[in-house]
Amino acid sequence: MIDPEVSRLRRLRTVALRVRAIARTLGSRRYALNDSLLGRGAGASWRIARAVSGRLKAHPYASYQQDAGFGQQVCDALFASFLALGVRSRVRALAEYESHLCALARQLADVRALTWSPDLSASLGRSQYEIQALLEALA
């Protein structure tokens, strides 16, 4: 049996890593090369994944301490590459990225509302503020 908080944290980490892969892939295309909004989004997603991974690694049960696997990284990279195939302009890239960033924001809000740890909640709150500012800049 897995703890519900652990499963929520793992889902958040999965979404954050996927959003990071999308931002990095779209940011490497010629139409959005080194776009600052995509770079900020990739950094924010990475910070969320690191905070969640740190929390999971601090769990006393070894089975809860699993990292995202190599297969998940490959799957995220393939998904991001497939998504980037249909995008031909910076505007379309940012619109596509915004939809995935909104999904991350929703997941982040759910996890933050239901977490028991005050330090994790504070860290996720800062990330939530950063994601909201990024969403406003994208709009």
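Residues numbered from 1 in each chain as written. Predicted model: local features only at pLDDT ≥ 70, side-chain atom pairs only at ≥ 80, totals over all residues. Heavy atoms only, no water.

**What about the overall build of the protein?**
A tally of helices and strands in the protein yields five helices and zero strands. Moving toward the C terminus, one meets the helices and strands of the protein in the order α-α-α-α-α. Counting only residues that meet the buried cut, the protein has 45% of its 139 residues in that class. Taking as baseline every contact in the protein between residues at least 6 positions apart, the subset at least 24 positions apart corresponds to 79%. (Helix = DSSP H or I, 4+ residues; strand = E, 2+ residues; numbered from the N terminus. Buried < 20%, exposed > 50% of the residue type's maximum accessible area, 1.4 Å probe, protein only. Contact = heavy atoms within 4.5 Å.)

**Concerning the nonpolar core**
Generally speaking, a soluble globular protein has its nonpolar side chains buried in company with each other. Counting residues in each nonpolar core, the largest one holds 37 residues, and the members touching the most others are Leu12, Leu26, Ile48, Tyr97, Leu101, Leu104 and Ile131. Listing elements by their share of this core, those giving two or more residues are α1 (4-27), α2 (36-57), α3 (70-85), α4 (90-114) and α5 (118-138). Sort the elements by how many residues they give to this core and α1 lands first, with ten residues. Ignoring any residue separated from it by four or fewer positions in sequence, one finds Tyr97 in contact with Val19, Ile22, Ala23, Leu26, Leu38, Gly41, Ala42, Ser45 and Leu138. (Core = buried A, V, L, I, M, F, W, Y, C linked by side-chain atoms within 4.5 Å.)

**Looking at the packing of aromatic side chains**
Counted by the stated rule, this structure contains zero aromatic pairs. Above the face of the Phe79 ring, Arg18 is positioned so that its terminal group lies 4.9 Å from the ring centre. Arg20 extends its terminal NZ or CZ atom over the ring of Trp46, reaching a point 4.2 Å from the ring centre. (Phe/Tyr/Trp six-rings, centres within 6.5 Å; stacked < 30°, edge-to-face > 60°. Lys NZ or Arg CZ within 6 Å of the ring centre and 35° of its normal.)

**What to know about the packing of α1 against α4**
Where α1 meets α4, the closest approach of the two axes is 10 Å, and the angle between their N-to-C directions is 160 degrees. It follows from the interaxial angle that α1 and α4 lie roughly antiparallel. Regarding α1 and α4, the two cross each other, and that crossing is left-handed. Contacts between α1 and α4 involve Arg8, Leu9, Arg11, Leu12, Val15, Ala16, Val19, Ile22, Ala23 and Leu26 from the former and Ala93, Tyr97, His100, Leu101, Ala103, Leu104, Gln107, Leu108, Val111 and Leu114 from the latter. (Axes fitted to C-alpha atoms, helices over the stretch in contact; angles between N-to-C directions. Parallel < 35°, antiparallel > 145°, perpendicular 65-115°, else oblique. Left-handed = near helix turned anticlockwise from the far one by under 90°.)

**What about the packing of α1 against α3?**
The interhelical angle for the contact between α1 and α3, taken along N-to-C directions, is 45 degrees, at an axis separation of 8 Å. Between α1 and α3, the angle falls in the class oblique. The two elements α1 and α3 meet at a crossing, and its hand is right-handed. Together, Thr14, Leu17, Arg18, Ala21, Ile22, Thr25 and Leu26 of α1 and Gln72, Cys75, Asp76, Phe79, Ala80, Ser81, Leu83 and Ala84 of α3 make up the contact between the two elements. The residue inventory of the contact of α1 with α3, partitioned by class, reads nine nonpolar, four polar and two charged. (Nonpolar A, V, L, I, M, F, W, Y, C, P; charged D, E, K, R; others polar.)

**Remarks on the side chain of Ser45**
For Ser45, the position within the fold is in helix α2. The contacts of Ser45, once residues within four sequence positions are left out, are Ala16, Val19, Arg20, Tyr97 and Leu104.

**What to know about the pattern of salt bridges**
Note that side chains of opposite charge can pair when their charged atoms are close. With the rule as written, the count across this model stands at three salt bridges. Here Arg47 ties to Glu130 by a salt bridge, and the two come within 2.4 Å at their closest N and O atoms. Residue Arg47 is found in helix α2, and its partner Glu130 is found in helix α5; the two are separated by 83 residues along the sequence. (Salt bridge = Lys/Arg side-chain N within 4 Å of Asp/Glu carboxyl O.)

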